[in-house]
Amino acid sequence: MTNRPTRRRPIAAVLLTGALLTGVLVSGCGRVAPVPTRQDPLRGSAGVVVTGHGWTGHTILGPVPPPGTCHYRHSGPEVLPDPVCTPGAVDSAVSQANLRTTVCRKGGYTASVRPPESATNAIKRRLLAAYGVPVADASKYELDHLIELSSGGSSDVRNLWPEPNQLYTTTGSSFVHNDKDKVEQYLYHAQCGGKIGLRAIQQTISRDWTTAVASLRLPPIPAG
């Protein structure tokens, strides 16, 4: 989620020859410009792409899908992103070896890599259009990191999607807590507690966040 403050079972990473990708740059004011062709050095089994932080200045990086080309999936009452438009992207600066100095460090990490709202607001409008959502309904959606920043997710376009605020709880504030947030928080503690590996979390979340806890063979999320 973008507006949030903030193995023992190792799995094999699958090294593939990097495919040349041509994308676009989306500026804070919504202008689009070509991005130089580059290679993604690693794709996991779930199609996750490895990039850097995914933004620079007021620009979110990555290819923007054309309007109306992305389609939501469903897992019961929950909503999932389009796996082609939003395969997930992870930050190459975060690894299993440096968890203690990056995402699990005391004092917090995500604020140091979170893009400014001027950039995320611009890309949110374009991704709403890609998913066929009228801009008038923007307040009903949050721009979510499919793989959360706290688990090494990138802010690349391929890791961002407009998540409907359909099933959520509130705590007396205006902050929305979707069911996905509960899963992310639970997996974050398991990750930093050494119960599950970073790559396993990233790949499982990118496939289907609703089944991630069970797929990783962790105990169910405790009530409350």
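Residues numbered from 1 in each chain as written. Predicted model: local features only at pLDDT ≥ 70, side-chain atom pairs only at ≥ 80, totals over all residues. Heavy atoms only, no water.

Participant: Please give an account of the nonpolar core that cites residues and values.
Facilitator: Ranked by internal contacts, the top residues of the largest apolar core, which has 18 residues, are Val183, Leu187, Ile205, Leu216 and Leu218. A per-element tally of this core places helix 2 (residues 179-192) first, with 4 residues. Ignoring anything within four residues of it in the chain, the contact list for leucine 187 reads Ile201, Ile205, Ala212, Val213, Leu216 and Leu218. Leu128, Tyr131, Tyr141 and Trp161 belong to the second-largest nonpolar core, a separate cluster that totals 11 residues. (Core = buried A, V, L, I, M, F, W, Y, C linked by side-chain atoms within 4.5 Å. Buried < 20%, exposed > 50% of the residue type's maximum accessible area, 1.4 Å probe, protein only. Helix = DSSP H or I, 4+ residues; strand = E, 2+ residues; numbered from the N terminus. Contact = heavy atoms within 4.5 Å.)

Participant: Break down the pairing of strand 11 (residues 141-145) for me, with residues and values.
Facilitator: Counted residue by residue, strand 11 has 5 buried out of 5 residues, so it is predominantly covered. With burial as the criterion, each face of strand 11 is covered, one bearing Tyr141, Leu143 and His145 and the other bearing Glu142 and Asp144. Pairing analysis gives 5 bridges linking strand 11 to strand 12 (residues 160-164), with the strands arranged antiparallel. Along strand 12, the bridge assignment pairs aspartate 144 with tryptophan 161. (Pairing = 2+ DSSP bridges.)

Participant: Tell me about the packing of helix 2 against helix 3 (residues 198-207), and please be specific about residues and values.
Facilitator: Contact geometry for helix 2 and helix 3: axes closest at 10 Å, N-to-C directions at 160°. In terms of orientation, helix 2 lies roughly antiparallel with respect to helix 3. Judged by the twist between their axes, the crossing of helix 2 over helix 3 is right-handed. Between helix 2, through Val183, Leu187 and Gln191, and helix 3, the contact on the second element is made entirely by Leu198, Ile201 and Ile205. A breakdown of the residues in the contact of helix 2 with helix 3 according to their chemical character gives 5 nonpolar, 1 polar and no charged. (Axes fitted to C-alpha atoms, helices over the stretch in contact; angles between N-to-C directions. Parallel < 35°, antiparallel > 145°, perpendicular 65-115°, else oblique. Left-handed = near helix turned anticlockwise from the far one by under 90°. Nonpolar A, V, L, I, M, F, W, Y, C, P; charged D, E, K, R; others polar.)

Participant: Describe helix 2, with residues and values.
Facilitator: Here helix 2 is 14 residues long and its end C-alpha atoms lie 21 Å apart, about the 20 Å a rise of 1.5 Å per residue gives. Those residues of helix 2 that fall on the buried side of the exposure criterion are Lys180, Asp181, Val183, Glu184, Tyr186, Leu187, Ala190, Gln191 and Cys192. Where helix 2 terminates, the next one or two residues include glycine 194, which has phi positive at roughly 75°. (Expected span 1.5 Å × (residues − 1).)

Participant: I'd like a rundown of the pairing of strand 12, residues and numbers included.
Facilitator: Two faces, one strand: in a regular strand the side chains alternate between the faces of the sheet. Counting buried residues along strand 12, 5 of its 5 residues qualify, which places the element largely inside the surrounding structure. Every second residue of strand 12 is oriented toward a common face, with Leu160, Pro162 and Pro164 on one face and Trp161 and Glu163 on the other, all of them buried.

Participant: Now, about the environment of glycine 68: what can you tell me, with residues and values included?
Facilitator: Residue placement: glycine 68 occurs in the loop between strand 7 (59-60) and strand 8 (73-75). Placed 64 residues apart in sequence, glycine 68 and glycine 132 show a C-alpha to C-alpha distance of 4.7 Å. If we ignore the near neighbours within four places in the chain, the residues touching glycine 68 are Ala129 and Ala130.

Participant: Just give me the short version of the state of the cysteines, but keep the residues and values in it.
Facilitator: If you walk through the whole model with that rule in mind, you get 2 disulfides. The disulfide partner of cysteine 70 is cysteine 85, and the S-S distance across this bridge is 2.1 Å. Judged by the sign of its S-S torsion, about -100°, the bond between cysteine 70 and cysteine 85 is left-handed. Placement of cysteine 70 in the loop between strand 7 and strand 8 and of cysteine 85 in the loop between strand 9 (78-80) and strand 10 (89-91) is noted, with a sequence separation of 15 residues between them. When its relative accessible area of 3% is taken as the criterion, cysteine 70 is described as buried. The residue that forms a disulfide with cysteine 104 is cysteine 192, at a sulfur-sulfur distance of 1.9 Å. Measuring the twist about the S-S bond at about -85°, one finds the cysteine 104-cysteine 192 disulfide to be left-handed. Note that cysteine 104 is positioned in the loop between strand 10 and helix 1 (117-130) and cysteine 192 in helix 2, a separation of 88 residues in sequence. (Disulfide = S-S within 2.5 Å.)

Participant: An account of unusual backbone geometry is requested, with residue identities and associated values reported.
Facilitator: Positive phi is not limited to glycine here, since arginine 217 has a value of about 60°. The topology assignment puts arginine 217 in the segment after helix 4 (212-215).

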